[in-house]
Amino acid sequence: MPPDSAATERPLRVLRVLTRPNLGGPTRQAIALWHAHKAQGVETLLVTGEVGPEEVRVDLAAHGLPAVDGAAWRPGFLTLSSLRRGLSPLRDLRAGRELRKLIRAVRPDVVHSHTSKAGALARRAAIAEGTKVIAHTFHGHVLQDYFGPLRSGLLARIERRLASRTDLLFAVSDSCADELAELGVAARERLRVLPPAVEVGPAFERAEARRMLGIPDGAWAVVSVGRLVPVKRLQDLVAVCAEAPELHADVLGDGPLLAPLRAQAAATCGDRLRLCGAEPDAARLLAAYDAVVLPSVREGLPLVAVEAFAAGVPVVGYDVPGVRDALQTVGRGVLVPVADGPAGLLAGLQRLRCDASFAADLCDHARRAVARCRPEAVAERLRSAYREALHTRGEKPARLEARSAPRLPSAEQR
């Protein structure tokens, strides 16, 4: 089947679906891609749900995306109040119906979903409506280390069925793609590794950033950035701070573990560890710190590592999926065996502190790696993949009808 002539006569239209516009990596990437694709002649309608009560909402309009109503195709953003995280079969059913209605009204060339809940709902709707190209990006996955074996197994089965009806599958790191293949989600050759789109803006100078954050000029200070959830293992940073009386540490982020982390920090570190809450300008403030610490048990590919590379700040983290990719493939940093725990993180930080040339070499190498995550470069690779898929879509077997599309997950999703 030849490519759709309408798709060649007008700009490529992409409906990008994100579970919610919280202050996290997928939202920031979606914003960066919206602008990068606009410059490349690709029009994007970004559809998002609602954030949870403990999350910080990103104002998409403040980032230059116009609000639209979805009655006809217009690039911009649209919010579906029924699209949310968590377990709610009736609400999910309503969100799926609204997505089908939207796809039917605007007829995009590509439906591209991000994060698990949006991935399930949007891909099912796109299959039912016969969308030309269906794509999904794994910014990580929740099939390990999040839930018990029964729930993880159910989610893996759902992902396998969805993947079989998805034209383009992207993973933000080799580790993520390898794990998805090992879990049987899709064959490894179907999973394209595409680094995250990271918009690196002008950063504050070190002295100015320290003044803004209230960090003394001579203080040894480190930071972790991210949601306060178990997989981030921020209690290990508290333990590091407790073992090094000269160390000051900040945590930039909010989440359900705020209260226990605050209690742990107060009992062991006093005022040397601050829980600062979510900080929209975190990337611009990284130069204030001597190192960024990534104590996560797993990541997709942490954006804060790329932002630290751009700011010239070294990174220390556990040798786990995602972090390993950031500190070995995209850039360079100090990797610590997980078995070494907080003592290993502290040893890595002390090495950076005592060996300025080592830290400088890491930063010089890492700065050169930032270009791989430039939004323009990532957007161009996506544009090429969309065009290729549109051109070859006629060679693929017909998709299942709506009644045989994968069932929605009944567990809380990322």
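Each remark here, short or long, concerns the structure printed above.
Residues numbered from 1 in each chain as written. Predicted model: local features only at pLDDT ≥ 70, side-chain atom pairs only at ≥ 80, totals over all residues. Heavy atoms only, no water.

Novice: Just give me the short version of unusual backbone geometry, but keep the residues and values in it.
Specialist: With the exception of glycine, most residues fall at negative phi, and the peptide bonds are largely trans. In this model, threonine 115 sits at a positive phi of 75 degrees, which is unusual for a non-glycine residue. Structurally, threonine 115 can be placed in the loop between strand E4 (110-114) and helix H4 (116-128). Overall, threonine 115 belongs to the buried group, its relative accessible area being 7%. Residues other than glycine seldom take positive phi values, yet arginine 233 does so here, at roughly 50 degrees. The topology assignment puts arginine 233 in the loop between strand E8 (220-225) and helix H8 (235-243). (Helix = DSSP H or I, 4+ residues; strand = E, 2+ residues; numbered from the N terminus. Buried < 20%, exposed > 50% of the residue type's maximum accessible area, 1.4 Å probe, protein only.)

Novice: I'd love a proper account of the sheet that holds strand E12 (residues 315-318), names of residues and values included.
Specialist: Strand pairing in a sheet is mediated by backbone hydrogen bonds. Such pairs are either parallel or antiparallel. The strand order E10-E9-E8-E11-E12-E13 describes an open sheet built from six strands, whose pairing is parallel. The two strands at the open ends of the sheet, each matched to only one other strand, are strand E10 (273-275) and strand E13 (334-336). Taken over all neighbouring pairs, the strand axes of this sheet differ in orientation by 20 degrees on average, direction set aside. Of the strand pairs in this sheet, strand E11 (residues 291-294) and E12 are connected by three bridges, and their pairing is parallel. For valine 293, the partnering residue across the bridge sits in E12 and is valine 316. Packing of H8 onto the sheet brings it into contact with E8, strand E9 (247-252), E10, E11 and E12, and relative to E9 it is tilted by some 165 degrees. (Pairing = 2+ DSSP bridges. Axes fitted to C-alpha atoms, helices over the stretch in contact; angles between N-to-C directions. Contact = heavy atoms within 4.5 Å.)

Novice: Explain the sheet that holds strand E5 (residues 133-138) to me, using residue names and the numbers behind them.
Specialist: Within the open sheet, the seven strands sit side by side as E3-E2-E1-E4-E5-E6-E7. Their pairing is parallel. Each edge of the sheet is formed by a strand with only one pairing partner; in this case those strands are strand E3 (76-79) and strand E7 (191-193). Within the sheet, the average angular offset between the axes of one strand and its neighbour, ignoring direction, is 25 degrees. For E4 and E5, the ladder comprises five bridges, and the chain directions are parallel. Residue pairing across strands places serine 113 opposite histidine 136, the latter belonging to E5. Lying on the sheet, helix H2 (residues 25-39) is in contact with strand E1 (12-18), strand E2 (42-48) and E3; it crosses E1 at an angle near 170 degrees.

Novice: Describe the pairing of E4, and please don't skip the residues or the numbers.
Specialist: Note on strand geometry: in a regular strand, side chains alternate between the two faces of the sheet. Within E4, five of the five residues are buried, which leaves the element mostly enclosed by the surrounding structure. A two-sided burial pattern is seen for E4, the buried positions comprising Val110, His112 and His114 on one face and Val111 and Ser113 on the other. Where E1 meets E4, five bridges bridge the pair, whose relative direction is parallel. Note on E4: the bridge partner recorded for valine 14 is valine 110. In this fold, the crossover linking E4 to E5 by way of H4 has right-handed handedness. (Right-handed = clockwise from strand over helix to strand, strands pointing away.)

Novice: Which residues make up the packing of H8 against helix H13 (residues 341-354), and what values go with them?
Specialist: Close contact between H8 and H13 brings their axes to 9 Å; oriented N to C, the two are set at 60 degrees. Here H8 lies oblique to H13, going by the angle between them. By crossing handedness, the relation of H8 to H13 is classed as right-handed. Across from Asp236, Ala239, Val240 and Glu243 in H8, the residues of H13 making contact are Pro342, Leu345, Leu346 and Leu349. (Parallel < 35°, antiparallel > 145°, perpendicular 65-115°, else oblique. Left-handed = near helix turned anticlockwise from the far one by under 90°.)

Novice: Lay out the environment of leucine 273 in plain terms, naming residues and giving numbers.
Specialist: Mapped onto the elements, leucine 273 comes out in strand E10. In this structure, the C-alpha to C-alpha distance between leucine 273 and aspartate 250, residues 23 residues apart in sequence, is 5.6 Å. Discounting residues that sit within four places of it in the chain, leucine 273 has contacts with Leu237, Val238, Cys241, Ala249, Val251 and Ala265.

Novice: Pulling in residues and values, what's your account of the state of the cysteines?
Specialist: Counted under the stated rule, the structure contains zero disulfides. Looking at the unpaired cysteine 276, the closest cysteine sulfur is the one in cysteine 241, lying at 12 Å. For cysteine 276, a relative accessible area of 37% gives the class partly exposed. (Disulfide = S-S within 2.5 Å.)

Novice: Explain the side chain of arginine 123 to me, and be specific about the residues and the numbers.
Specialist: Looking at where arginine 123 falls in the secondary structure, it is placed in helix H4. Overall, the relative accessible area of 1% leaves arginine 123 in the buried class. In this structure the side chain of arginine 123 is engaged in a polar contact, spanning 3.1 Å, whose partner is the side chain of threonine 166. Residues within four places of arginine 123 in sequence aside, it is in contact with Ser113, Ala118, Ile134, His136, Glu159, Leu162, Ala163, Thr166 and Leu169. (Polar contact = N/O pair within 3.5 Å; in protein donor to acceptor, adjacent residues only side chain to side chain.)

By themselves these figures say nothing about function.
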